[in-house]
Amino acid sequence: MANDTASYAAGPIGVFDSGYGGLTILDKIRRRLPQYEYLYLGDNARAPYGVRSFDVVYDFTLQAVKYLFSRGCQLVILACNTASAKALRSIQQNDLPTIDPTRRVLGVIRPTVEKIGEITRNGNIGIFGTPGTIQSRSYDMEIEKMYGGRFKTFGQECPLWVPLVESQEADGPGADYFVKKYTDALLAQCPDIDSVILGCTHYPLIAPKIRQYMPPGITIVEQGAIVADSLADYLRRHPEMECRCRRGGTATYLTTENATRFGSMATLFLHTPVTATHIPL
């Protein structure tokens, strides 16, 4: 295998999201693994994915993965819960064997589920997510598969949180009503929840308000650092892939929408100036 992979040119680590939320994942990955080169692609022109069907999300995600492969990425992270829920398994099982069985596509759900087992104390786990993520029951099924019947899951759709973040209203008074509405709805399902997964990569930007309306004993689980640690462990365990991840310490940003708008919004997420390039998919 080492001889086979040696013939491949190293490329950047691809990071894909339907829009801006995956930047919260990329930020933590770059802090944890600053030595690599990264290529971020946001499909902003077709966002949000959370309200789209399985078939559409799968088609869009596969297009993005193929594009990142065409740009030299040997490894792609789906830094999007909806894409991870609706497309990852099909791409891994059905598409990679024919596209290139040596490349890899990873998601954000499994690393989060692996970590939640260390966090929950009473086994009652809440999940905030987009309608697409919650309706897919991907977290519920992954938790059941990994832990059997030890844990109970309670999903809450939060369809207005992403628009609040992207309209830059996450800190405004209007956000309070919708944050309280969804947190109250989750706790109404089970008042004994002890940990809550923020199952959308936009939600860290609204996390201070979520904490404000949740009881103090509940642990709020953000995905960025978890995914970053999981990726570091994956590369350590798979040196044949690690050697195909180009070093350079840089990040390049691509969007299917207006590049100037993307750069402005990305700066909000990353707190550093961002210049993007528009590409068609």
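About the cut-offs
- Residue numbers run consecutively from 1 along every chain, following the written order of its sequence.
- At least 70 in pLDDT is required for a residue's local features to be given in this predicted model, at least 80 for side-chain atom pairs to be given and counted, and no such filter applies to totals for whole chains, interfaces and linings, which use all residues.
- Side-chain metrics rest on all non-hydrogen atoms present in the structure, leaving aside hydrogens and water.
- Two strands are said to pair when DSSP picks up at least two bridges between them.
- Numbering of helices and strands runs from the N terminus, with a helix taken as a DSSP run of H or I at least four residues long and a strand as a DSSP run of E at least two residues long.
- For helices, the fitted line uses only the C-alpha atoms of the stretch in contact; every axis is such a line through C-alpha atoms, and the angle between N-to-C directions lies from 0 to 180 degrees.
- Residues are treated as being in contact if the distance between any of their heavy atoms lies within 4.5 Å.
- Between buried and exposed lies partly exposed: a residue is buried under 20% and exposed over 50% of the maximum accessible area for its type, with that area taken using a 1.4 Å probe on protein chains only.
- The labels follow the angle: roughly parallel below 35 degrees, roughly antiparallel above 145, roughly perpendicular from 65 to 115, and oblique for the rest.
- Here a crossing is taken to be left-handed if its near helix is turned anticlockwise relative to the far helix by less than a right angle, and right-handed if that turn runs clockwise.
- Residue classes follow a fixed rule: Ala, Val, Leu, Ile, Met, Phe, Trp, Tyr, Cys and Pro count as nonpolar, while Asp, Glu, Lys and Arg count as charged, and any other residue, Gly among them, counts as polar.

Another aspect to go through is the sheet that holds strand 5 (residues 124–129). Spatially, four strands are ordered 6-5-7-8 in an open sheet, and the strand pairing comes out parallel. Each edge of the open sheet carries a strand with a single partner, namely strand 6 (152–157) and strand 8 (219–221). Between one strand and the next, the sheet's axes are offset by a mean angle of 20 degrees, whatever the strand orientation. This element, helix 6 (residues 109–119), spans strand 5, strand 7 (195–198) and strand 8 of the sheet and lies at about 160 degrees to strand 7. Sheet contacts for helix 10 (residues 173–189): strand 5, strand 6 and strand 7; angle to strand 6, the most-contacted strand, approximately 150 degrees.

Another aspect to go through is the environment of Pro-48. Here Pro-48 lies in the loop between strand 2 (38–42) and helix 3 (54–70). Classification of Pro-48 by relative accessible area gives partly exposed; the value is 46%.

On to the packing of helix 6 against helix 8 (residues 138–147). Where helix 6 meets helix 8, the closest approach of the two axes is 10 Å, and the angle between their N-to-C directions is 55 degrees. The orientation of helix 6 with respect to helix 8, classified from their angle, is oblique. For the pair helix 6 and helix 8, the crossing hand works out as right-handed. Of the residues in helix 8, those touching helix 6 at Ile-109, Arg-110, Thr-112, Val-113, Glu-114, Ile-116 and Gly-117 are Ser-138, Tyr-139, Glu-142, Ile-143, Met-146 and Tyr-147. Class assignment of the residues belonging to the contact of helix 6 with helix 8 gives a composition of seven nonpolar, three polar and three charged.

For the rest of this paragraph, the subject is the pairing of strand 3 (residues 75–78). Neither face of strand 3 is exposed, since Leu-75 and Ile-77 on one face and Val-76 and Leu-78 on the opposite face are all buried. Relative to strand 3, strand 1 (residues 13–17) runs parallel, the two being bridged by four bridges. Each residue of the ladder has a partner; that of Val-15, found in strand 3, is Ile-77. By the bridge criterion, three bridges tie strand 3 to strand 4 (residues 104–106) in an arrangement that is parallel. Looking at strand 4, one finds that Leu-75 is bridged to Arg-104.

None of this, on its own, says anything about what the molecule does.
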